[in-house]
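# Close look at the chain arrangement
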Amino acid sequence: MEENKEASKQNGEGNNAKDTESQQRTIKDDSLKQSSVSTPLTIKNDTIKNNQNPNKNKLPKIKLNFSGIKNIYENQYKKLLIIPFALLIIAIILIGMKVASTGDFINRDVSLKGGVTVTIPTEQEINILTLENAISLEFPNNDVAVKSISRFGRQTGVIIEADIVEDEANKLIESVENELNRKLTQNDYSIEIVGSSLGASFFNEAIKALGIAFIFMSIVVFLYFRTFVPSAAVILAVFSDIIVTLAIVNIIGLKISAAGIAAFLMLIGYSVDTDI
């Protein structure tokens, strides 16, 4: 009996040793699996942390400091008034030089000073600069302007304007025919003649309308503010906008038509709206 107990005891100890050894192997295998799995996860997590690091990939911030400009605007605004007043004085001088040299303060087109306008619809490609130079040689003492009519980027005709009298209209057509090397019939062009007296009358009426609009605008501004200083500032700003724009138009050599006078009326409205 004792021998059987010792044998069973030895068998139990052997089984316990095997179980312990198998458990150790299992733990070892699990640790190896975890280490093999955790290593790439650790690397991946480190990579994500590096990618999410704002200090490495974020561009440096550029701080714009406008405090100096703001201080100049708030504390030195009286000195800044020199700029618009200087522009106004320069514009008045340029307009005065224009009046002294030409006798008029703007460049008027045919609709405002009289002349002949010829419209020629054609599919022929016409060099407007060459045509204008050729006509100017025929009328050296007159203003000649040639404009292109285009549709969808394709030239469909030309408009010829010249401040000539009605009797010289046929001479103008002949000079165009010589330059284009083709005979023009009455069906090939349309002609519009504006007398010099009619053009001058229309120009004077347009200037009166502009002046009346400016006066009524001034009255409305005074009624709105009911104080002199802000009202005078707004009116002076509108006057400056008109004079400076007129000087720029004269510098670039743009001719003013009836639509141009309407544009100055619109300028009064936009200027008041911006100032108020």
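Refer to the structure presented above.
The following refers to the structure shown. (Residues numbered from 1 in each chain as written. Predicted model: local features only at pLDDT ≥ 70, side-chain atom pairs only at ≥ 80, totals over all residues. Heavy atoms only, no water.)

Ranked by size, the top nonpolar core spans 24 residues in total, and within it Phe214, Met217, Val238, Ile256 and Ile268 carry the most contacts. Elements supplying a minimum of two residues to this core: helix H5 (82–102), helix H9 (196–225), helix H10 (228–252) and helix H11 (258–275). If one sorts the elements of this core by residue count, H10 sits on top with eight residues. When sequence neighbours within four positions are dropped, the list of residues in contact with Ile256 reads Ile106, Asn107, Arg108, Asp109, Leu112, Val249, Ile261 and Phe264. (Core = buried A, V, L, I, M, F, W, Y, C linked by side-chain atoms within 4.5 Å. Buried < 20%, exposed > 50% of the residue type's maximum accessible area, 1.4 Å probe, protein only. Helix = DSSP H or I, 4+ residues; strand = E, 2+ residues; numbered from the N terminus. Contact = heavy atoms within 4.5 Å.)

A separate point is the environment of Gly114. Within the secondary structure, Gly114 is located in the loop between helix H6 (110–113) and strand E1 (115–121). Of the residues examined, Gly114 reaches a relative accessible area of 6% and is grouped as buried. Considered as a pair, Gly114 and Asp163 are 49 residues apart in the sequence and their alpha carbons are 6.0 Å apart. Not counting chain neighbours up to four residues away, the residues in contact with Gly114 comprise Asp163, Val194, Gly195, Ser196 and Gly199.

In the structure shown here, the tally under the stated rule is three aromatic pairs. Measuring from centroid to centroid gives 6.0 Å for Phe105 and Phe203, while their planes differ by 40 degrees, and the two rings are tilted. Here Phe105, found in the loop between H5 and H6, pairs with Phe203, found in helix H9; they are 98 residues apart in sequence, far enough to count as distant. With a centroid separation of 5.1 Å and an interplanar angle of 85 degrees, the aromatic rings of Tyr224 and Phe225 are classed as edge-to-face. By relative accessible area, Tyr224 is classed as exposed at 57%. Residue classification places Phe225 among the partly exposed positions, given a relative accessible area of 26%. The aromatic ring of Phe203 is capped on one face by Arg108, whose charged end is 4.5 Å from the ring centroid. The residue whose ring lies beneath Lys171 is Phe139, and the NZ or CZ to ring-centre distance is 5.2 Å. (Phe/Tyr/Trp six-rings, centres within 6.5 Å; stacked < 30°, edge-to-face > 60°. Lys NZ or Arg CZ within 6 Å of the ring centre and 35° of its normal.)

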